[in-house]
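Structural overview for review
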Amino acid sequence: MQTHILGYPRIGSNRELKKACEQYWTGKIEANDLLEVGKTITQNNWKLQQEAGIDLIPCNDFSFYDQVLDMTLTVGAIPERYQEIAFKKSELDLYFAMARGFQKDGLDITAMEMTKWFDTNYHYIVPEFQKNQEFKLFSNKIIKEFISAKQAGINAKPVIIGLLTYLLLGKEKEEGFDKLDLAQNLLPVYIQILKELENHGAEYIQFDEPFLALDLTEKAREVYQFIYAEIRKQFPKLKFIVATYFEGLKDNFSLATYLPIDVLHIDLVRCPEQLDQVLNTIPETLSLSLGIVDGRNIWKNDFQKSLNSIKTAVEKIGSERIFIAPSCSLLHSPFDLDSEKNEDILSPEIKQWLAFAKQKVTEIVNLKKLSSENPDYTALQALAENKKAIENRKISTLIHNQDVKNRVDVMTEDDAKRNSPFNIRKEIQHDVLKLPLFPTTTIGSFPQTKEVRNWRAKFKKGELNAEQYDTLLKKETERTIRWQEEIQIDVLVHGEFERNDMVEYFGEQLAGFAFTQNGWVQSYGSRCVKPPVIFGDVHRPNPMTVYWSEYAQSLTQKWVKGMLTGPVTILQWSFVRDDQPRSTTCKQIALAIRDEVNDLEKAGIRIIQIDEPAIREGLPLRKSDWQNYLKWAVEAFRISASGVEDATQIHTHMCYSEFNDIIQNIADMDADVITIECSRSQMELLNAFADFKYPNEIGPGVYDIHSPRVPSKEEMVELLKKAQAVIPVQQLWVNPDCGLKTRHWDETEKALIAMVAASREASEAFLKEEKLKY
């Protein structure tokens, strides 16, 4: 029996990678300094796993920004607009330009699109494909990392995104071809990579193929068989692990088990029932990797439950054909529970229920030891401690609140309905709000400067008292309100300077949530989030945002939006309890947000935004499971929004999602206004709303806030023209793609001034055209 890890967190134990990347982008350190940070993190990760006793340690799981972008650079799939950078700049600068855009040295180039990695909150850079695309080995990162691991004495297993998964993650940038047709062109590059790895002594290669757990076309199935047959023909001695995760194999079971590979990895956390099916028909030549430790959540593994599954597998196919692993890469787990030392933040009772990436590595090793005929004393001691923690969690009085359960039980369908349909609400809201054509707004947050973050840190340390902190935040809020008035934004926001994170902030004020000091996970690039832990029944003890919304509205005659995070997003972006259905937890959160919405309305806030960027992300990976999820997810949003009067305008925001296949469900949410990310796709995402004839109002983002690049007014006007071509003008709002928290003030000011000017120009052009008609 062997152990292996599919991938390890790459941000570093103290987010060293985030800090180094941001220093490099601002010119504070050189490329060699950044590369050295990456090398140190990688070698520390290898050493940690080696010392824990992991048999096969991954390499090439480290990335400076994103593993899909790494593969794009590796195979030379570099869009034409970056050719000048590729010629003039270093490989590292080309890499970051593709991720973040480039605007200096006389060049102005947009970033590549970014979207969610399956149903996680991790974002990847979307490959761009052209008809008859050619590929070539451009970057040697995979080979270099393997050589580095070998030199460090590590039995390394290169991790490579499978050829089919890589193609399926990408996007055809012109019509008239199928990206799967590029497999023949791409295969020689994969062969070249494998030859290099074999020549340098690689034994195992891990191909990540999560698409084997998704719905596949017959063509995709055929290409899978062809590609792996060709790879096996070329490399009869290499041992290939194909890793599937995030779902069960289901109808792809025969395809996956009969690929000419050596080890098949299955996710037994997401789909435990697939174990019996695989064991009953697995070929004798195939070994099985049991993804039995949850790579995406922070709860301690139930050793006894896992040992039962391992025992079943061993009895069926023998221990020599069993690998023990996490369900997926540990990229989605925080780094180390041992760093949680402040008991005022994370109580010892809750901490004993948790395991972060480092602890999950130890769990995997202990499960191997406990599966042997004669487990050693330390393994047996670990089993006893594990049983105690699992039982303690089951009986803990911290978890259950009968009042919350009763409130959920007595809800009716009317609790999820507004008083009147949208067409009636729209007229009432227009009379009350009196907004112009192409009304401008932002998504909510404004830049959190170093000063703002320092205030928060000092307040937490007790170096500022509550009154001092409050005064500083009020000054920053007033300054932001005045600036928005000055540039004539129509609907203002207060800036959210009191907030740390859009989910953490609310979790801190809701019962049933716990927090960590250092539970960071990567969301995209250098962006890390610290998800709350939902451990018990959720309710709202006190108002959460009314104070700041009311204060901001008192400063201006313009409307100020109340800003909330929606129930599905709070659920998706937290580590969620696994002892009750997610739908039940989501409904509890929805009722808490409903109470907040109602209190905002009572305080005079007439526009309230309930952000739901994670609705699409939460979709099950199999379409057959979609409707059940969408039913309770849409219902949760409607519960949160439906307690207000018709005159109160409800906004929602979604970003980095494809909407075509769930557009009816988005309409069913019945938000008065939806704002979406659109600029990276050049308004392509609007087509789904246009084809559907989406009836409510919509704000397509006109500039990309995840890039430091500042677009011109003319560029935004062109985007608005594209929007007008498919959406009636009376339905359109003008806004950025997302919140501005991570941006700097100088670029924010330039971009928003241009945005307001673009809105006014679009409005004047439309009114002039209408006047000419008559």
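For the structure itself, look to the data block above.
Here's a quick rundown of the structure. Everything numeric in this text was worked out from a predicted model, so none of it was measured. Residue positions are given per chain, counting from 1 as you read along its sequence in written order. Selection of residues for local features in this predicted model requires a pLDDT of at least 70, selection of side-chain atom pairs for listing and counting requires 80 or more, and totals for whole chains, interfaces and linings are taken over all residues. Just so you know, side-chain values use all the structure's heavy atoms and leave hydrogens and water out.

The next thing to look at is the overall build of the protein chain. The way it works is that DSSP assigns letters per residue, a run of H or I at least four long becomes a helix, a run of E at least two long becomes a strand, and they are numbered from the N terminus. Secondary structure assignment for the protein chain yields 28 helices and 25 strands. With C-alpha atoms as the basis for the radius of gyration, the globule rule is written as 2.2 Å multiplied by the number of residues raised to the power 0.38. Since a compact globule built from 774 residues should have a radius of gyration of about 28 Å, the 26 Å found for the protein chain is in line with a globular shape. Dimensions of the protein chain, computed from C-alpha atoms along their principal axes, come out at roughly 80 × 60 × 50 Å. Scored against the burial criterion, the 774 residues of the protein chain give a buried share of 62%. All accessibility values rest on the Shrake-Rupley procedure with a 1.4 Å probe; residue burial counts only the protein chains present in the view. Put simply, the protein chain shows about 30,600 Å² of open surface, and 48% of that area lies on carbon and sulfur atoms. Here the protein chain contributes 94 positively and 114 negatively charged side chains, and the mean placements of these two sets differ by 2 Å. The buried label goes to any residue with under 20% of its type's maximum accessible area, the exposed label to any with over 50%, and the partly exposed label to all in between, with areas taken from a 1.4 Å probe on protein chains only. Within this scheme the basic residues Lys and Arg register as positive and the acidic residues Asp and Glu register as negative, but His and the chain ends are omitted. Positions of charges follow a simple convention, taking NZ of Lys, CZ of Arg, CG of Asp or CD of Glu.

Backbone phi values are negative for most residues with the exception of glycine, while trans is the configuration of most peptide bonds. Of note, the phi angle at Asn60 is positive, near 65°, even though the residue is not glycine. You can see Asn60 is positioned in the loop between strand 2 (57-59) and helix 3 (67-74). Under the relative-accessibility criterion, Asn60 is labelled buried at 11%. With a phi close to 50°, Lys434 is a non-glycine residue in the positive phi region. Within the secondary structure, Lys434 is located in the loop between helix 17 (422-433) and helix 18 (450-461).

Once that is clear, we can look at the sheet that holds strand 13 (residues 287-293). Two strands qualify as a pair provided DSSP detects at least 2 bridges between them. Within the open sheet, the eight strands sit side by side as 1-14-13-12-11-10-8-2. Their pairing is parallel. Single-partner strands in this sheet number two, and they are strand 1 (2-3) and strand 2. In this structure, strand 8 (residues 156-161) lies alongside strand 10 (residues 204-208), joined through three bridges in parallel fashion. Paired with Ile160 across the two strands is Phe207, which belongs to strand 10. It only takes one pair of heavy atoms within 4.5 Å for two residues to be counted as in contact. Axes here refer to lines fitted to C-alpha atoms; in helices the fit is confined to the stretch in contact. Angles between the N-to-C directions go from 0 to 180 degrees. Against the sheet, helix 8 (residues 183-199) contacts strand 8, strand 10 and strand 11 (239-243), and its axis sits at roughly 175° relative to strand 8.

This part covers the side chain of Arg393. Tracing the chain through its elements places Arg393 in helix 15 (residues 377-395). Arg393 has contacts with Trp299, Trp353, Ile399, Arg577, Asp578 and Asp579, leaving out every residue within four places of it along the chain.

Formed by 109 residues in total, the largest nonpolar core has its most connected members in Ile666, Ile676, Leu686, Phe689 and Leu752. Every residue in contact with Leu686, bar those within four places of it in the chain, is listed here: Ile676, Cys678, Ile698, Pro700, Ala723, Val726 and Ile727. In plain words, nonpolar cores are sets of buried Ala, Val, Leu, Ile, Met, Phe, Trp, Tyr and Cys residues tied together by side-chain atoms within 4.5 Å. The next biggest cluster of nonpolar side chains, apart from the first, holds 107 residues, and it includes Phe146, Leu182, Ala220 and Tyr224.

The subject of this paragraph is the pattern of salt bridges. The term salt bridge refers to a side-chain nitrogen of Lys or Arg lying within 4 Å of a carboxyl oxygen of Asp or Glu. In total, this model carries 53 salt bridges according to the counting rule given. When the shortest N-O distance is used, the salt bridge between Arg527 and Asp501 registers 3.6 Å. Within this pair, whereas Arg527 is found in strand 18 (residues 527-529), its partner Asp501 is found in the loop between strand 15 (491-492) and helix 20 (504-507), the two being separated by 26 residues in sequence. Residue Asp501 is classed as buried on the basis of its relative accessible area of 10%.

Let's shift gears to empty space enclosed by the protein. Cavity means a closed set of points on a 1 Å grid over the protein atoms alone, one where a 1.4 Å probe fits but cannot get out, pocket means an open set with protein on both sides within 12 Å along at least 5 of 7 lines, and lining means a residue has an atom within 4 Å of a point. Grid points are joined across faces, edges and corners, and a volume is the space filled by probe spheres set on the points. Evaluated as defined, the whole model comprises seven cavities of 30 Å³ or more. Its boundaries defined by the atoms lining it, the largest cavity holds a volume of some 520 Å³. Only strand 17 (521-524), strand 18 and strand 21 (562-565) provide two or more residues apiece to the lining of the largest cavity. Broken down by element, the lining of the largest cavity gets its largest block of residues, three residues, from strand 21.

The next subject is helix 1 (residues 16-25). Buried residues of helix 1: Leu17, Lys18, Ala20, Cys21 and Tyr24, and no others. Residues of helix 1 that are buried make contact with helix 2 (31-52), helix 5 (91-100) and strand 18. Positive phi appears at Gly27, one or two residues downstream of helix 1, with a value of about 80°.

Two pairing modes exist for strands in a sheet, parallel and antiparallel, and in both the strands are linked by backbone hydrogen bonds. Strand order in the open sheet formed by five strands is 21-22-23-24-25, and the pairing between neighbours is parallel. Looking at the sheet topology across the chains shown, the edges are occupied by strand 21 and strand 25 (697-700). Direction aside, the axes of adjacent strands within the sheet are offset by 20° on average. Bridge count for strand 22 (residues 607-611) against strand 23 (residues 649-654) is three bridges, and the pairing is parallel.

Positionally, Lys369 belongs in helix 14 (residues 357-370). Spatially, the C-alpha atom of Lys369 lies 9.6 Å from that of Met1, the residues being 368 residues apart in sequence. Sequence-distant contacts of Lys369, defined by excluding residues within four places in its chain, comprise Pro375, Asp376, Thr378 and Ala379.

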